[in-house]
Amino acid sequence: MVEKKKNAVAIRCHQIGEAEKKLYSFVAEYFGKENTFFVMNVDPATVKVPEGYNHIIFNHETILSSEQLYWPQDVAWKCGDYCYYAMFNALSGYAYFWLIEPDIKFCCDTAETFFEDFETQEADFLAPKFGRALETLPFYSTARVLESPPMSCLFGITRMNPAAIHKLVNTRQNLSEKFYKEKIPPSQYPNDEIFVSTVGARLGLRCAPMDKLSSFNFLLFSVDPNVYFLEQDVKDVKGKFIVHPFMDGESFINKKMRRFEGVLNQSFPLLDFMAQSINKCSDEKLKEVLREKFRKRLQDCV
């Protein structure tokens, strides 16, 4: 029988709903409730953690500091590795840390079926699809500041050796100082996938592709923004499959509305034309006719 190492597992999230609670309970069956956490990069005043759930809440002035780490506006989404740094500061005595996003679905009945594959794996960093970065990746250009061959991975589920974290933190801090001093645009700050993979390889950390070491099928594991899986899409998928992103109805609507608002806000010429056409029309009847025709045309698109 393989000796089970002491691992901490954290669900990376910004709010705690039914999906987050369900995943928390699922992984706690294997790791133990005392070793299971929510890790949240949020303002502590804006979130209420239900009773009975362990949690690590951090931000630019709690546990971590924006004086030492660069803190772009989208840091909670962009820099999942900051969750590892918060765990490192808050926890001790663990052989490995796991970090899991809440839109992961394990299609097996017990967490043991997935996680036992990794009890004998001693890599410092495990992540799906770890390897050379493709130039088509959205964050590929940000690797230039890392001065190493760009590497990448998928960050939906990862495992890290706490002993390796201080090396990554030091590099992030040096990079942060550079961004602050040279006023480099936040868009050029490397995201978690590019940073950890590229720097980890450069520093000689033992990094490996999780999907190659697992007995699970990762074909339904995607980061394409246009790909998602609802309950009815995967209700018949059973056994050794891992799905990402898996969404309940509320998560699906919220995500699509965020994308819609983003696209809409970038459609300035159209929005400006509509607003100017209506506002500058002196005839109230014509104004209403035009407004209705604009509305109907937009409705036709959906």
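Before reading further, recall that the structure is shown in the block above.
Residues numbered from 1 in each chain as written. Predicted model: local features only at pLDDT ≥ 70, side-chain atom pairs only at ≥ 80, totals over all residues. Heavy atoms only, no water.

Draft legend 1. Highlighting the nonpolar core. Ranked by size, the top nonpolar core spans 47 residues in total, and within it Tyr82, Tyr84, Tyr85 and Met87 carry the most contacts. Among the secondary structure elements, those contributing two or more residues to this core are β1 (7–12), β2 (36–41), β3 (55–58), α3 (81–90), β4 (96–100), β6 (125–127), α5 (162–182) and α6 (192–202). Those residues in contact with tyrosine 85, other than ones at most four positions away along the chain, are Leu64, Leu69, Ile165, Leu168, Val169, Arg172 and Phe195. Core analysis: the next-biggest nonpolar cluster, separate from the first, contains 36 residues, Val49, Phe114, Phe118 and Phe221 among them. (Core = buried A, V, L, I, M, F, W, Y, C linked by side-chain atoms within 4.5 Å. Buried < 20%, exposed > 50% of the residue type's maximum accessible area, 1.4 Å probe, protein only. Helix = DSSP H or I, 4+ residues; strand = E, 2+ residues; numbered from the N terminus. Contact = heavy atoms within 4.5 Å.)

Draft legend 2. Structural view of a nonpolar patch on the surface. A surface patch of nonpolar side chains, about 290 Å² in accessible area, is lined by Ile253, Met257 and Phe260. Its location among the elements puts methionine 257 in helix α9 (residues 249–265). (Patch = residues over 30% accessible without salt bridge, like charges linked within 9 Å, V, L, I, M, F, W, Y side chains within 5 Å. Areas by Shrake-Rupley, 256 points an atom, 1.4 Å probe, with all protein chains shown as cover. Salt bridge = Lys/Arg side-chain N within 4 Å of Asp/Glu carboxyl O.)

Draft legend 3. Representation of the pattern of salt bridges in the model. A complete count under the given rule lists 13 salt bridges for this structure. Two residues, lysine 21 and glutamate 18, come together in a salt bridge whose shortest N-O distance is 3.7 Å. With lysine 21 and glutamate 18 both in helix α1 (residues 18–31) and 3 residues apart, this pair spans about one turn of that helix. The residue arginine 206 makes a salt bridge to aspartate 124 at a minimum N-O spacing of 3.2 Å. Separated by 82 residues along the polypeptide, arginine 206 in the loop between α6 and β10 (207–209) and aspartate 124 in the loop between α4 (111–115) and β6 bring together distant segments of the chain. The exposure class of arginine 206 is partly exposed, given its relative accessible area of 43%. According to the relative accessible area criterion, aspartate 124 is buried, its value standing at 9%. What you see here is one network of salt bridges that share partners, running through Arg12, Glu101 and Asp192.

Draft legend 4. How the structure looks around the environment of alanine 133. Structurally, the position occupied by alanine 133 is in the loop between β7 (131–132) and β8 (151–152). The class for alanine 133 is buried, based on a relative accessible area of 13%. Residues alanine 133 and tryptophan 71, spaced 62 residues apart in sequence, show a C-alpha to C-alpha distance of 24 Å.

Draft legend 5. Quick peek at the packing of helix α10 (residues 268–279) against helix α11 (residues 284–300). As a packed pair, α10 and α11 sit with axes 9 Å apart at the nearest point and diverge in direction by 160°. Classified by the interaxial angle, the pair formed by α10 and α11 is roughly antiparallel. When the axes of α10 and α11 are compared, the crossing they make is left-handed. Residues Phe273, Met274, Ser277, Ile278 and Asn279 of α10 pack against Lys287, Leu290, Arg291, Phe294 and Leu298 of α11. Of the residues assigned to the contact of α10 with α11, the class counts are 6 nonpolar, 2 polar and 2 charged. (Axes fitted to C-alpha atoms, helices over the stretch in contact; angles between N-to-C directions. Parallel < 35°, antiparallel > 145°, perpendicular 65-115°, else oblique. Left-handed = near helix turned anticlockwise from the far one by under 90°. Nonpolar A, V, L, I, M, F, W, Y, C, P; charged D, E, K, R; others polar.)

Draft legend 6. Here's a closer look at empty space enclosed by the protein. Per the stated rule, a full pass over the model turns up 1 cavity of 30 Å³ or more. When its volume is computed, the largest cavity comes out at roughly 50 Å³. Around the largest cavity sit Lys5, Asn7, Phe31, Tyr96, Trp98, Phe115, Phe118, Glu119 and Arg159, which together line it. Its residues assigned to classes, the lining of the largest cavity comprises 5 nonpolar, 1 polar and 3 charged. (1 Å grid on protein atoms, 1.4 Å probe; cavity = no way out; pocket = protein on both sides within 12 Å on 5 of 7 lines; lining within 4 Å. Points joined across faces, edges and corners; volume = space filled by probe spheres on them.)

Draft legend 7. Representation of the layout of surface pockets. Approximately 230 Å³ is the volume attributed to the second largest pocket. Lining the second largest pocket are Phe260, Val263, Leu264, Ser267, Leu270, Leu271, Met274, Leu298, Cys301 and Val302. Each residue belonging to the lining of the second largest pocket can be placed in one class, and the counts come to 9 nonpolar, 1 polar and no charged.

Draft legend 8. Inspection of α6 at higher detail. Within α6, 9 of the 11 residues are buried, leaving the element largely enclosed by the surrounding structure. Looking at α6, one finds that the buried residues are Asp192, Glu193, Ile194, Phe195, Val196, Ser197, Thr198, Val199 and Gly200. Looking one or two places after α6, you find glycine 204, whose phi comes out positive at around 85°.

Take it as geometry only, folks, not as evidence of what the structure does.
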